[in-house]
Amino acid sequence: MVLALTVCGIVVALVVVGLFVFGLRRRLIQRSGGTFDCSLRWDAPEKGDSGGKGWAYGVARYNGDRVEWFRVFSYAPRPRRVLERSAIEVVGRRVPEGEEELALLSDAVILACVHRGTRLELAMSEDALTGFLAWLEAAPPGQRVNVA
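Rules and cut-offs
- Residues numbered from 1 in each chain as written.
- Predicted model: local features only at pLDDT ≥ 70, side-chain atom pairs only at ≥ 80, totals over all residues.
- Heavy atoms only, no water.
- Salt bridge = Lys/Arg side-chain N within 4 Å of Asp/Glu carboxyl O.
- Helix = DSSP H or I, 4+ residues; strand = E, 2+ residues; numbered from the N terminus.
- Buried < 20%, exposed > 50% of the residue type's maximum accessible area, 1.4 Å probe, protein only.
- UniProt positions renumbered as here; feature names shortened; annotations may be inferred.
- Pairing = 2+ DSSP bridges.
- Contact = heavy atoms within 4.5 Å.

- An unreviewed UniProt entry annotates the protein as DUF2550 domain-containing protein originating from Streptomyces thermocarboxydus.

Structure below.
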């Protein structure tokens, strides 16, 4: 009986510590400011795939001429993807369709991009999209920016 209570206590303590670390990590990512909720689909298909597969929920952070993307459900302190402003080419914009509506946040808009030859899609709120496009267009003089 004592062993069972001890094991249950340890399991509960580990779950609480795990949740605390998730919250602490997100707080540290957001501490420098300029963050927004952003789902990402890397190696996206040419035409919009409304199957909802391949999307990962995350947080993006502006860092100079880069956007760093972190998975929400991860303990990694480093970004999973780094997108350089000069290498991002926006090729389209659309609303979620079919099963994508269930895989993404309710107010999401999907931005289709190419980054160094890799197709990707970013799903974010309309407000975050406005900020992202403004950040892209605010490139320093001499840098090319491709916004459709």
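Back to the write-up after that little detour.
### Remarks on the pattern of salt bridges
Consideration 1: If you walk through the whole model with that rule in mind, you get nine salt bridges.
Consideration 2: Between Arg41 and Glu121 there is a salt bridge; the shortest N-O distance is 2.6 Å. With a gap of 80 residues between them, Arg41 in strand 2 (residues 39-42) and Glu121 in strand 8 (residues 118-125) connect regions that are remote in the sequence.
Consideration 3: Its relative accessible area of 3% is what places Arg41 among the buried residues.
Consideration 4: Among the ionic pairs, Arg85 bridges to Asp65, the shortest N-O distance being 2.4 Å. Placement of the pair is Arg85 in the loop between strand 5 (81-84) and strand 6 (88-94) and Asp65 in the loop between strand 3 (58-63) and strand 4 (66-71), with a sequence separation of 20 residues.
Consideration 5: Judged by relative accessible area, Arg85 falls into the buried class, the value being 6%.
Consideration 6: Among the charged side chains, a network of salt bridges with common partners joins Arg41, Arg94, Glu100 and Glu121.

### Regarding the UniProt feature "transmembrane region" (unreviewed entry) in the protein
Consideration 1: Sequence positions flagged by UniProt for "transmembrane region" (unreviewed entry) are, in local numbering, residues 6-24.
Consideration 2: Taken end to end, residues 6-24 is 100% helix and 0% strand, and its first and last C-alpha atoms sit 27 Å apart.

### Looking at the pairing of strand 4
Consideration 1: Bridging between strand 3 and strand 4 involves six bridges; their strand directions are antiparallel. When the sheet's bridge partners are listed, Gly58 is paired in strand 4 with Arg71.

### Description of the environment of Ala44
Consideration 1: Relative to the helices and strands, Ala44 is located in the loop between strand 2 and strand 3.
Consideration 2: With 60 residues separating them along the chain, Ala44 and Leu104 place their C-alpha atoms 15 Å apart.
Consideration 3: Among residues more than four places away in sequence, those in contact with Ala44 are Arg119, Leu120 and Glu121.

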